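Working through the structure, step by step
For reference, the chains in residue letters:
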Amino acid sequence: MQLPPYLLPLGASDDMAMYDDLYTQSWQDAIQQCEKTLERHDYIRALQVKSLQDFHNELGRLLVEHPNQPSITAILLIYPSLDHYAAFAQSFVNMMSNPVDTSMMWGLLFLVFKLALASTGSVNPLSQITKWLEKIGHELRHSNDCRDKITDLEKVKRDTVEVNKEIVFLRLNIIMTFRNKGHGHNISLDDSTWAGLKATYNDAYQNISEAIKRIEKVAEMADWHVRTGEISMLQRLLSLKDSLQDDVALPCDNLPVAENGRFFGRQDILQRLDSHLKPANTNSRLSSIALYGLGGIGKTQIALAYAYQRLDDLDTILWISSETSYSIQQSFSHIALGALKLPKATPQAHHENKILVLDWLQKTTSRWLVIFDNVDKHDDLEECWPVSKHGAILVTTRDVLVATLPIDCGLEVTEFDNNEGAKFLLHLTDSRRRTNGELGAAHQVAKELGGLPLAINQMAALVNARNYSIDEFHAIYRKYKQHLHSQKKNGWRYLGYQHGLDTVWELSFTNLGDHARACLGVLSLLSADSIPSEIFTKNTASDKLPKALSFCENALSLGDAVEELTHHALVRKNIAQSSFRIHRLVQAEYRARTDDPQEDFEAAIKLLLEKIPSQRSSKFNNEEWMLYERYIPQVLALAKNYNDSQANPKPLEPTMDFVRLLTYSSNAIHDNDTMHVVPRMIETADCAYHKCTEVEQDRLIWALLLYLKCMHHFCTSEFATSRLASNAIHSTSRPCGLRYL
């Protein structure tokens, strides 16, 4: 939808207030159009949903009315994008001189979901609409990311109005399509109506995308103007040769939030930080260390705890938010103007302010600690690394590669073990009613959550809000874990940390390339604690790998995919053990979000079949047993994920290759099955075989499977069952000419 003629650019001499009046009137016209177009009961209902929180509450009620798994899955996928919509709408409100009300946007979105959930037909409307909204949400995120770079908001007001109007009219069109063209009591849209609605979405998305590109262009130009001022900046700094520390009131700090009174554990890490950094010793050299690890593992909280622990011993503690190069520049400006109050520091002169702060750190004799929090790229550090003979620097990052020069060393922050995780959960829930024996249940919950502090903290808030016992919560979590990951009750997050379980990895997943996605798809189905890194190397040159595994064809492509995953801390590589490790919640979240789980499943089968031989030697040798010891756990994890998926609306579909994999694995270890896993593999293989079509079924594999059944029952003294299996083998083997027996 294009803007009306009265919103086209005006002459440069026109008063800026006129622009705002026109923009405000245009927005009010859009809202009035909603009132005129919507059915009266829909309009009244929309007025009742005024905010993102209201929308969350209404969505929760809709999920109770429609508890089916496809609806739950589709709705959970939109949750991360809602924050992008809210941030964009709020920036619109903030930039306007006249007051504007954007609450109708949430009411319209509620009606869209309400009608989509009630719809029936060949096309799943909720799934399709959720994908549309998610795609627009990603565009809004790009705009939100660059918004802080823009110093002249007048240049982007028109496009901001246009984007918000496009969003409103798209939602209005969806609602009226359901109302006007639905058939029957349960709304159903035919294929031609869906085609028209899709065309409407495509037009809206194109207009939104073009407007946001213009906003990004304004941000780029603003950034360019800042950079071109660098020469004059440096010239002015030549006059600042004299030391500036006498003008700074010490002690000072700019820590972003209050001390976390509920901080738990990590004493070993705090001790190692202090032992290496020695920030109070001005006679020692400049020291530095990086904390790295998975998102939500607690790196920032450890850095904050260390800063408050040393607050009384140091003259200066400076906190630099380092998600982007721009946020780093902003932090330096805030430090120069607010914490240090340096002469010559001026608002918006980010480059100059950064150099002023670095100059002060180089010249001062005070005891200082600088914390770079959440560094994404090593290059960002190179441009702002202090040059000093003393002082201490602490870096937090997801990327292990950031923990290289000029940083002295890196320290990985890992998840809590079950015992620590259980104590942390009880520590956070000590104000609610307690029941006997909760420590055991807390151990189970901590295990389910993989010891991830963010997960434990978020679920503890839910326990407190509903006054659950730990046993009660554990039972509910096991049934509704994906839904609970999006629940955010009071106290769910630390001050200054915006991510929950449903969003902490969203950006990482979204930014992955195709090869990294395919690699993560396979890893998400295998044993989390130790996946052999050679699983992605081919044994034979003759077999062609499926397209999804094209990154395995050469070492360079494989290396690029793995590097991308380790950069986002989604996967950890143990070089000594030649293995990968991936957090269970990362696996679960990726499986819930992947577009084609069947493709990932079949890719994992193909790779494992490359490793598990179809026949085994008559006697185990050490090399063969080490192979089975590394790969049988992967087969078991894959089988478990397959079995778990059978309760889903769209379960993983078995293939004969899957049956072969389970059968070969059972055959490999059936006479040395110390963990008693063969019966489970045989049972899964049996069920999977019978779900394959007759055309797909391989009778040779079936006969081998029956033989393994027979051997198992014979070894467990179930002779009658063994005899039945033996008879079945003979009836199968005669026409096949079996050589296994």
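Structure: above.
Chains are numbered independently. Their residues run from 1 in the order of the written sequence. Selection of residues for local features in this predicted model requires a pLDDT of at least 70, selection of side-chain atom pairs for listing and counting requires 80 or more, and totals for whole chains, interfaces and linings are taken over all residues. Values shown for side chains rest on all heavy atoms present in the structure; no hydrogens or waters enter the calculation.

1. Concerning the packing of aromatic side chains
Any two of the Phe, Tyr and Trp rings considered here, Trp counted by its six-membered ring, make a pair once their centres fall within 6.5 Å; the pair's planes then place it as stacked at under 30 degrees, edge-to-face at over 60, or tilted in between. A full pass over the atoms with the stated rule returns 18 aromatic pairs. Among the aromatic residues, ring-to-ring pairing joins Trp-132, Trp-194, Tyr-201 and Tyr-205 into one connected group. The ring centre of Tyr-205 lies 4.6 Å from the NZ or CZ of Lys-135, which sits over that ring. The side chain of Arg-266 reaches across the aromatic face of Phe-416, ending 4.3 Å from its centre. The rule for a charge over a ring is simple: NZ of Lys or CZ of Arg within 6 Å of the ring centre, and within 35 degrees of the ring normal.

2. Considerations on the environment of Glu-220
Helix and strand assignments follow DSSP, with helices taken as H or I runs no shorter than four residues and strands as E runs no shorter than two, numbered in order from the N terminus. Positionally, Glu-220 belongs in helix 8 (residues 191-228). When accessible area is computed with a 1.4 Å probe and restricted to protein chains, residues below 20% of their type maximum are described as buried, those above 50% as exposed, and intermediate ones as partly exposed. A residue is classified by how much of its surface remains accessible, and Glu-220, at 49% relative accessible area, is partly exposed. On a C-alpha basis, the gap between Glu-220 and Lys-149 in space is 7.9 Å, while along the polypeptide they are 71 residues apart.

3. Observations regarding the layout of surface pockets
Cavity means a closed set of points on a 1 Å grid over the protein atoms alone, one where a 1.4 Å probe fits but cannot get out, pocket means an open set with protein on both sides within 12 Å along at least 5 of 7 lines, and lining means a residue has an atom within 4 Å of a point. Grid points are joined across faces, edges and corners, and a volume is the space filled by probe spheres set on the points. Taken as a whole, the second largest pocket holds about 420 Å³ of empty space. Val-400, Val-571, Arg-572, Lys-573 and Asn-574 are, among the 22 residues lining the second largest pocket, the residues nearest its centre. Of all the elements in the fold, those that place two or more residues in the lining of the second largest pocket are helix 21 (555-567), strand 8 (572-574) and strand 9 (579-581). Asp, Glu, Lys and Arg are counted as charged, while Ala, Val, Leu, Ile, Met, Phe, Trp, Tyr, Cys and Pro are counted as nonpolar; the rest, among them Gly, fall into the polar class. For the lining of the second largest pocket, the class distribution of residues is eight nonpolar, six polar and eight charged.

4. So, the environment of Pro-99
Structurally, the position occupied by Pro-99 is in the loop between helix 4 (69-95) and helix 5 (104-118). Counting along the chain gives 79 residues from Pro-99 to Asp-20, while the straight-line C-alpha distance between them is 9.9 Å.

5. Some details on the sheet that holds strand 5 (residues 392-397)
Judged by pairing direction, the sheet is parallel, and its six strands sit side by side in the order 1-3-4-5-2-6 without closing on themselves. Of all strands in the sheet, those bounded by a partner on one side alone are strand 1 (252-253) and strand 6 (409-412). Bridge analysis of strand 4 (residues 368-375) against strand 5 gives five bridges, and the strand direction is parallel. What sits directly across from Ile-371, in strand 5, is Leu-394. Between two residues, a contact is recorded if the distance between any of their heavy atoms is within 4.5 Å. The axes used here are C-alpha line fits, helices contributing only the stretch in contact, and every angle between their N-to-C directions lies in the interval 0 to 180 degrees. Of the strands in this sheet, strand 2 (287-292), strand 4, strand 5 and strand 6 touch helix 10 (residues 267-277), which is tilted by about 155° from strand 2. Here the rule is simple: two strands pair whenever DSSP picks up at least two bridges between them.

6. Brief notes about helix 3 (residues 52-65)
Helix length check: helix 3, at 14 residues, gives a terminal C-alpha distance of 20 Å against a target of 20 Å (1.5 Å per residue), a fit within 8%. Buried within helix 3 we find Leu-52, Phe-55, His-56, Glu-58, Leu-59, Leu-62 and Leu-63. For helix 3, the secondary structure elements touched by its buried residues are helix 2 (40-47), helix 4, helix 5 and helix 18 (470-484). Here a helix's expected span is defined as the number of its residues, less one, multiplied by 1.5 Å.

7. Quick notes on the sheet that holds strand 8
Pairing is antiparallel across the open sheet formed by three strands, whose spatial order is 7-9-8. For this open sheet the edge positions go to strand 7 (531-532) and strand 8, each flanked by a neighbour on one side alone. Where strand 8 meets strand 9, three bridges bridge the pair, whose relative direction is antiparallel. Note that in strand 9 the partner of Arg-572 across the bridge is Arg-581.

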